[in-house]
Amino acid sequence: MGQFLRAVMLRWDEQTQLHVEVKKHGSKDGNELTRAAFEVAVRRYFPPDTDLRVISGLVHEMRQVFGEHVPVLETEMLIREALGEDVPTDDITLKPEMMARTFTLMGLTDKWSRDVSTVNSVLAEAEELVHRRGFAPTPAA
């Protein structure tokens, strides 16, 4: 799953084939890895006391790049939650949640100039976090 997430973040061509593999073998732990990678990436990019306008600005930029598929409200709320704010996210269903997290990972990867070492570092930290939480995704490396 880590390899798939890396391919998506970096927009590598292999993401289509890896997506087929993920679908075939399931992705519960993959969803947990996406959640953890999102959390790690957001906390690396934004300081904890980030102004809401800065978060909204990033989401607006992502919407310009990725189009209407970016769920704006959900993305902003999930970013704020990752930064430690108490926001109501329990009603966000799986599809918009995963879209918000995935587009954010892609957007932040763009902000990091698609630096492979940064993406690998985020994924390695996310895999450690997921393991501590009791899940077992396939390692990215």
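What comes next concerns the included structure. (Residues numbered from 1 in each chain as written. Predicted model: local features only at pLDDT ≥ 70, side-chain atom pairs only at ≥ 80, totals over all residues. Heavy atoms only, no water.)

### What about the packing of aromatic side chains?
For any pair of aromatic rings, the description consists of the separation of the ring centres together with the inter-plane angle of the planes. Under the defined criterion, the tally for this structure stands at three aromatic pairs. Plain terms: the ring middles of Y45 and F46 are 4.9 Å apart, the flat faces sit at 90° to each other, and that makes the pair edge-to-face. Classification of F46 as buried rests on a relative accessible area of 4%. Plain terms: the ring middles of Y45 and W112 are 6.5 Å apart, the flat faces sit at 70° to each other, and that makes the pair edge-to-face. (Phe/Tyr/Trp six-rings, centres within 6.5 Å; stacked < 30°, edge-to-face > 60°. Buried < 20%, exposed > 50% of the residue type's maximum accessible area, 1.4 Å probe, protein only.)

### Some thoughts on a negative patch on the surface
Residues E81, D86, D90 and D91 make up a contiguous surface patch of negative charge. By the element assignment, E81 lies in helix α5 (residues 72-82). (Patch = residues over 30% accessible without salt bridge, like charges linked within 9 Å, V, L, I, M, F, W, Y side chains within 5 Å. Areas by Shrake-Rupley, 256 points an atom, 1.4 Å probe, with all protein chains shown as cover. Salt bridge = Lys/Arg side-chain N within 4 Å of Asp/Glu carboxyl O. Lys, Arg positive; Asp, Glu negative; His and termini not counted. Charge placed at Lys NZ, Arg CZ, Asp CG, Glu CD. Helix = DSSP H or I, 4+ residues; strand = E, 2+ residues; numbered from the N terminus.)

### Things to note about the packing of helix α1 (residues 2-10) against helix α7 (residues 116-132)
Interaxial distance between α1 and α7 falls to 10 Å at its minimum, and their mutual angle equals 145°. For the pair α1 and α7, the crossing hand works out as right-handed. In this structure, α1 uses G2, L5, R6, M9 and L10 to contact α7, whose residues at the interface are V116, V119, N120, L123 and E127. A per-class count over the contact of α1 with α7 returns six nonpolar, two polar and two charged. (Axes fitted to C-alpha atoms, helices over the stretch in contact; angles between N-to-C directions. Left-handed = near helix turned anticlockwise from the far one by under 90°. Contact = heavy atoms within 4.5 Å. Nonpolar A, V, L, I, M, F, W, Y, C, P; charged D, E, K, R; others polar.)

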